[in-house]
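Coordinates in review
As a plain string of letters, each chain reads:
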Amino acid sequence: AVVSTQSTGDLPPLIAPTKCSVLPLSSSPEFAPFVKDLSAALRKLGIPNKVEDSSGSIGRRYARTDELGIPFGITIDFDTVKSNTVTVRDRNSCSQIRVPVSDTADLINKLCTGQTTWAGAKDTYPEFIGQESNN
């Protein structure tokens, strides 16, 4: 028997009730303005989103949002503060790309409405493999 690790399944972005999560890497106060601004930019485009700032590792928080069927995750980290970019994660492939903050809400909108695909987004933005922990 095949056992799925996702309880909600792979709801397509178009019908997922919550389109993306906004995940600060930690409770660092320097992340707060990015969280607030990104969440507001998403709402302005009519994109339902959830700020996932509960305790636990980023991996556990990704797993929680995956279980809720949220197709995309936006991670705000120390590189966001340094270079004004975020990591966007695709639930189905678990792959990640690095996107300028200014492009993020529009990209999520295009992904959720079928104007672009994850493969198209990966062609446009650099893949994100990992982060050096030098902070």
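A quick note: this is a predicted structure, and the numbers were derived from the prediction, not measured.

A word on the pairing of strand β5 (residues 96–100)
Regular strands have side chains that alternate between both faces of the sheet. Most of β5 sits inside the fold, with 4 of its 5 residues counted as buried. In this structure, strand β4 (residues 85–90) lies alongside β5, joined through 5 bridges in antiparallel fashion. Looking at β5, one finds that Arg89 is bridged to Gln96. Following β4, the chain reverses through 5 residues before pairing antiparallel with β5; Cys94 in that reversal takes a positive phi of roughly 60°.

A few points about the environment of Leu11
Mapped onto the elements of the fold, Leu11 is located in the segment before β1 (20–24). For Leu11, a relative accessible area of 24% translates into the label partly exposed. With near-sequence residues (within four places) excluded, Leu11 lies in contact with Ala16, Pro17, Gly69 and Arg91.

What to know about the pattern of salt bridges
With the rule as written, the count across this model stands at 5 salt bridges. One salt bridge connects Asp77 with Arg98, and the closest N-O pair in it is separated by 2.8 Å. Here Asp77 is found in the loop between β3 (72–76) and α3 (78–83), whereas its partner Arg98 is found in strand β5, with 21 residues between them in sequence. With relative accessibility at 2%, the residue Asp77 sits in the buried group. As a salt-bridge pair, Lys82 and Asp79 come within 3.9 Å of each other at their nearest N and O atoms. With Lys82 and Asp79 both in helix α3 and 3 residues apart, the pair spans about one turn of that helix. The class for Asp79 is partly exposed, based on a relative accessible area of 23%.

What counts, and where the lines are drawn
Residues numbered from 1 in each chain as written. Predicted model: local features only at pLDDT ≥ 70, side-chain atom pairs only at ≥ 80, totals over all residues. Heavy atoms only, no water. Buried < 20%, exposed > 50% of the residue type's maximum accessible area, 1.4 Å probe, protein only. Helix = DSSP H or I, 4+ residues; strand = E, 2+ residues; numbered from the N terminus. Pairing = 2+ DSSP bridges. Contact = heavy atoms within 4.5 Å. Salt bridge = Lys/Arg side-chain N within 4 Å of Asp/Glu carboxyl O.

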